[in-house]
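# Structural description and commentary
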There are 2 protein chains.
Amino acid sequence: MNRVLARELPEHLGREVVLQGWLSQLRRLRALSFLILRDRSGTAQVLLHDPALIERIAALPHESVLEVRGRVAPRGDGRSGAELQQPAIDVLAAAHEPPPFDLFRPDLDLPLPTLLDYAPLSLRHPRRKAVFEIAGAAAGGFRASLRQEGFVEIHTPKIVAAATEGGANVFPVAYFDKTAYLAQSPQFYKQMMVGVFERVFEIGPVFRAEPHDTPRHLNEYVSLDAEMGFIDDHRTVMAMLQDVIAGMLAAVVSEAGPALALLDARLPDLPSTFPSLHFTEAQKLLAKVRPGGEEPQDLAPADELWLGAWARREFSSDVLFVEGYPAAARPFYTHPDPDRPGYTRGFDLLFRGVELVTGGQRLHRYEDYLQALARRGIDPSPFAGYLQAFRFGMPPHGGFAIGLERFVARLLGLENLREATLFPRDLSRLEP
Amino acid sequence: MNRVLARELPEHLGREVVLQGWLSQLRRLRALSFLILRDRSGTAQVLLHDPALIERIAALPHESVLEVRGRVAPRGDGRSGAELQQPAIDVLAAAHEPPPFDLFRPDLDLPLPTLLDYAPLSLRHPRRKAVFEIAGAAAGGFRASLRQEGFVEIHTPKIVAAATEGGANVFPVAYFDKTAYLAQSPQFYKQMMVGVFERVFEIGPVFRAEPHDTPRHLNEYVSLDAEMGFIDDHRTVMAMLQDVIAGMLAAVVSEAGPALALLDARLPDLPSTFPSLHFTEAQKLLAKVRPGGEEPQDLAPADELWLGAWARREFSSDVLFVEGYPAAARPFYTHPDPDRPGYTRGFDLLFRGVELVTGGQRLHRYEDYLQALARRGIDPSPFAGYLQAFRFGMPPHGGFAIGLERFVARLLGLENLREATLFPRDLSRLEP
């Protein structure tokens, strides 16, 4: 007999079926008991009358794995839905010991370190699991949106020869008799691949050796990267990003609807054209509300929060583009704004007041790269492989990188990125 | 005016269009010249009459990036197809220097080290590029097949605390004040996540510090991993794998058809049920043809090749399952075959005589893990996080891992895995 999922039970009224799942709870009443069985789709109620069977189940630790064969009937307690009656139960694998916290309660009220120490167990809670069903759907939406636009999925190396991109914040790797590094991003590789495929994307891990222990930092996370050639300027990239964000959200809604509902997620308001603000305009707005009124070269987290609230007020929008960041705040490969000396064609997308995406147009001429490196006093020799692409003709291009955990955390209102990471890595955490 | 791709030209006969791409070649005849422009879709021919324009283009190095505006007309040389006439040409980015080899010839006849040293350039060749269009489509087919079967896409950490799985072949990472390691596979994490999602998959990099410099080894590659719970035994996993391989091939055919055609790829014969052989039967067959007639505990590459040829002869099949590997040849978590002491429920899938997939049923009871580790003399303490999942109830489960580069190389008849890797990492290569 084929297995049926808990969620499918009402479709099988009157039939004999098999359920498989985890013993979530046994509710003992005087004359009968209810076994709550959890599987990947949800929970099902199994009505138990036989005292010997009830004792046998009561002796099992929660989380034991069961196979339950029985007849599907309307719930006897007057609630809508179906339950399993007259069950025969096989124990597929008894749990070795009872779990240290109750997985059947509506919420797991645990301090974050406990939640993470017990990740293999705590992730079984429906509300924890739902977060990652949403993440999986979001990654799928990213991919589907870009493939539809002719982007090719690539895989670039995570072990790299030189700590080129971000200076000191790299993890060294003992690579046979050499020292190598973990890639901080696929930036250089995805740009090189614009010369091959014009449009590429990659979903993969990136590694940042930043010694910050904050709710906003992870030392390993999933970056959703895209890069495209033959653009007019950064606005072409922003238009593509807008479609991708909409596609990610659409995939979450269509493929993880029950998870969204369980978490009571408020879906973001995405205007058909995302509002956009130049960096200098953002600074003017902020100058009015900042204590000192100063205009720094970048936006602080508090600035981003203020701008996010402003976008909600002004445009009823949960997203806001800030474009034209100063060159000083951007990497050497950022394309300058020819009309505004000192500013670039780099942008961020704020999502509910937090930077979700960084992107922009890049330089594409070899000579411009040599000049940009020289201006910053950077030795070009470790960049030989990267610069090769530009020596042999590259189109105007740009791209963006979305932090998957950040997208999920902002979508669901999670305060710490670690709650949107299956097995986070930080200053103090390498396990499980 | 919107850009048109080279491949779309015949759909625009009589119209004025814009092409953008790389100057692949200039064919100079007496009274006219042909500019061959390459973009992501293929090449287009542009007819040049104006001597000044011809001189201007002739002065540009190949691979310069151009925008060409002109009228689409039937080719004037009698061949079928369309060309662009009366062009106006803008140089979007002149190449800094001529490429060191010709990208317009049908084949890139370069030694492998040169091909790889010049990867940003050599990958632009249509035959090189096609390999990775196929890889991208194959990864997409893997994902689509599994999502359809209710698998959740996960991302697990690549920095891990202990070199647990494969002993010595791990890369150490300097992780702040600790030593960590690069994950050799997501094996432990995907098993733990069966307790959460029942069915999971991951596409990501794996790292093997094997000091072998052969065409069969890479130190970093892309692993397509899947794991599923509530199986009967390893045969449930093999049936799923069969559907996934068929799905990958179907995606390659539907999404990378032109790339397959360009490379003259012979599509594999996949019987509707893949043939399967027990390890002991394979050994009996091999004993007849092996010089010494001995029966070792594993299959050597030569054995796999012989079995691959045998499967073609006997079943007209390019794939062959070998199941029931000896316990000595398999990791500690492999489920034993209860009916054959010393043998397991582990399998390999050979693809054209090479191991493409390793999989099997795993142990699922906590006590069985403790015994299996003790039997091998392995200290269980570094496995605490992994074993937590089994302490709290895990269903019978199993899974498999497909090497993406290997799939592509065998599909296309590439002799060295490095030809199926954008930027390979090996004993001597960390760049580009």
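Here we take up the overall build of chain A. When helices and strands are counted, chain A shows 12 helices and 16 strands. Relative to its full complement of 432 residues, chain A shows a buried share of 51%.

Looking now at the interface of chain A and chain B. Between chain A and chain B, the residue contacts involve 75 residues of the former and 76 residues of the latter. It is helix α4 (residues 126–148) of chain A that contributes the most residues to the side of chain A that touches chain B, 7 residues altogether. For the side of chain A that touches chain B, the residue count by class is 44 nonpolar, 13 polar and 18 charged.

Another point: helix α9 (residues 301–315) of chain B. Residue and element names in this part refer to chain B. Its 15 residues give α9 an end-to-end C-alpha distance of 21 Å, which sits within 8% of 21 Å, the value for a rise of 1.5 Å per residue. Restricting attention to buried positions, one finds in α9 the residues Asp303, Glu304, Leu307, Gly308, Trp310 and Ala311. On an axial view of α9, the arc spanned by its buried residues comes to 165°, and they lie on one face. Of the exposed residues in α9, the ones pointing more than 90 degrees away from its buried face are Pro301, Ala302 and Arg313. Trailing α9 by a residue or two, Ser316 shows a phi angle of about 50°, which is positive.

Moving on, we come to the environment of Arg365 of chain B. Structurally, the position occupied by Arg365 of chain B is in the loop between β15 (354–362) and α10 (366–375). Not counting chain neighbours up to four residues away, the residues in contact with Arg365 of chain B comprise Ala93 of chain A together with Phe390 of chain B.

This part covers the sheet that holds strand β16 (residues 397–403) of chain B. All names here are of chain B. If you trace the 8 strands from one edge of the open sheet to the other, you get β6-β10-β11-β16-β15-β14-β13-β12, paired in mixed fashion. Strand pairing shows two members of the sheet lacking a second neighbour, β6 (152–153) and β12 (276–278), which therefore form its edges. With 3 bridges joining them, β12 and strand β13 (residues 319–323) adopt parallel strand pairing. Its bridge partner lying in β13, Leu277 is registered against Val322. Here helix α6 (residues 234–255) sits on the sheet and contacts β11 (220–229), β13, β14 (346–351), β15 and β16; the angle it forms with β15, its principal contact strand, is near 140°. Sitting on the sheet, α9 is in contact with β13, β14 and β15, with an inclination near 125° to β13.

To continue, consider the environment of Val206 of chain A. All names here are of chain A. By the secondary structure assignment, Val206 is in strand β10 (residues 199–207). Val206 gets classed as buried once you count the C-beta atoms within 10 Å, which come to 22. Sequence separation between Val206 and Arg56 is 150 residues; the distance between their C-alpha atoms is 49 Å. Once residues within four sequence positions are removed from consideration, Val206 is found in contact with Ala183, Gln184, Ser185, Tyr221 and Ser223.

A word on the sheet that holds strand β12 (residues 276–278) of chain A. All names here are of chain A. Spatially, the 8 strands line up as an open sheet ordered β6-β10-β11-β16-β15-β14-β13-β12, and their pairing is mixed. Of all strands in the sheet, those with a lone pairing partner are β6 (152–153) and β12, marking the two edges. Taken strand by strand, helix α6 (residues 234–255) contacts β11 (220–229), β13 (319–323), β14 (346–351), β15 (354–362) and β16 (397–403), and its axis lies near 140° from that of β15.

This brings us to unusual backbone geometry. Of the consecutive residues Glu431 of chain A and Pro432 of chain A, the connecting peptide bond is found in the cis state with omega at -10°. Notably, Ser316 of chain B is not glycine yet its phi reads approximately 50°, a positive angle. Along the chain, Ser316 of chain B falls in the loop between α9 and β13. Non-glycine residue Arg352 of chain B carries a positive phi angle of around 50°. On the secondary structure map, Arg352 of chain B appears in the loop between β14 and β15.

Now for the domain arrangement of chain A. Entries for chain A in the domain assignment read domain 1 (6–98) and domain 2 (120–420). Here the C-alpha centre of domain 2 of chain A lies 46 Å away from the C-alpha centre of domain 1 of chain A.

Before going further, it helps to spend a moment on the environment of Ile159 of chain B. Examined against the element boundaries, Ile159 of chain B turns out to sit in strand β7 (residues 159–160). A sequence separation of 271 residues divides Ile159 of chain B from Leu430 of chain B, and the C-alpha atoms of the two residues are 19 Å apart. Setting aside chain neighbours within four positions, we find Ile159 of chain B in contact with Glu220, Arg425 and Leu430 of chain A together with Val173, Tyr175, Ala180 and Leu182 of chain B.

Bringing the pairing of β14 of chain A into the picture now. A regular strand places its side chains on the two faces of the sheet in alternate fashion. Residue and element names in this part refer to chain A. Most of β14 sits inside the fold, with 6 of its 6 residues counted as buried. Covered by surrounding structure in β14 are Gly346, Asp348 and Leu350 together with Phe347, Leu349 and Phe351, the residues of both alternating faces. Examined bridge by bridge, β13 and β14 share 5 bridges and lie antiparallel to one another. Across the sheet, residue Glu323 finds its bridge partner in β14, namely Phe347. Pairing analysis gives 6 bridges linking β14 to β15, with the strands arranged antiparallel.

For the rest of this paragraph, the subject is the relation of the copies chain A and chain B. Screw-axis analysis of chain A against chain B gives a translation of 0.0 Å along the axis, an RMSD of 0.0 Å, and a rotation angle of 180°. With respect to symmetry, the two chain copies, as superposed, fit the operation of a two-fold axis. For chain A, the residue whose C-alpha comes nearest the rotation axis is Val173 of chain A, separated from it by 2.2 Å. Most of the interface of chain A is mirrored in chain B: 100% of its interface residues are interface residues there too.

Here we take up the packing of helix α8 (residues 279–289) of chain B against α9 of chain B. Residues and elements named next belong to chain B. It is the contact of α8 with α9, at a shortest axis distance of 11 Å, that shows an interaxial angle of 100°. It follows that α8 is roughly perpendicular to α9 by the angle criterion. In contact with Ala282, Leu285, Leu286 and Val289 of α8, α9 contributes Asp303, Trp306, Leu307 and Trp310. Here the residues of the contact of α8 with α9 sort into 7 nonpolar, no polar and 1 charged.

Mean pLDDT over chain A stands at 95; residues scoring 70 or higher make up 98%. Scored as a whole, the predicted complex attains pTM 0.96, and scored at its interfaces, ipTM 0.96.

Our focus in this paragraph is α6 of chain B. For α6 of chain B, which comprises 22 residues, the first-to-last C-alpha distance of 31 Å matches the rise-based estimate of 32 Å (1.5 Å per residue) to within 8%. Those residues of α6 of chain B that sit buried are His234, Val237, Met238, Met240, Leu241, Val244, Ile245, Gly247, Met248, Ala251 and Val252 of chain B.

What counts, and at which threshold
Residues numbered from 1 in each chain as written. Chains lettered and ligands numbered in written order. Predicted model: local features only at pLDDT ≥ 70, side-chain atom pairs only at ≥ 80, totals over all residues. Helix = DSSP H or I, 4+ residues; strand = E, 2+ residues; numbered from the N terminus. Buried ≥ 20, exposed ≤ 12 C-beta atoms within 10 Å, placed from the backbone. Contact = placed C-beta atoms within 7 Å. Nonpolar A, V, L, I, M, F, W, Y, C, P; charged D, E, K, R; others polar. Expected span 1.5 Å × (residues − 1). Arc of directions from axis to C-beta. Pairing = 2+ DSSP bridges. Axes fitted to C-alpha atoms, helices over the stretch in contact; angles between N-to-C directions. Domains from an automatic or database assignment. Least-squares fit on C-alpha atoms with pLDDT ≥ 70 in both. Parallel < 35°, antiparallel > 145°, perpendicular 65-115°, else oblique. pLDDT = per-residue confidence, 0-100.

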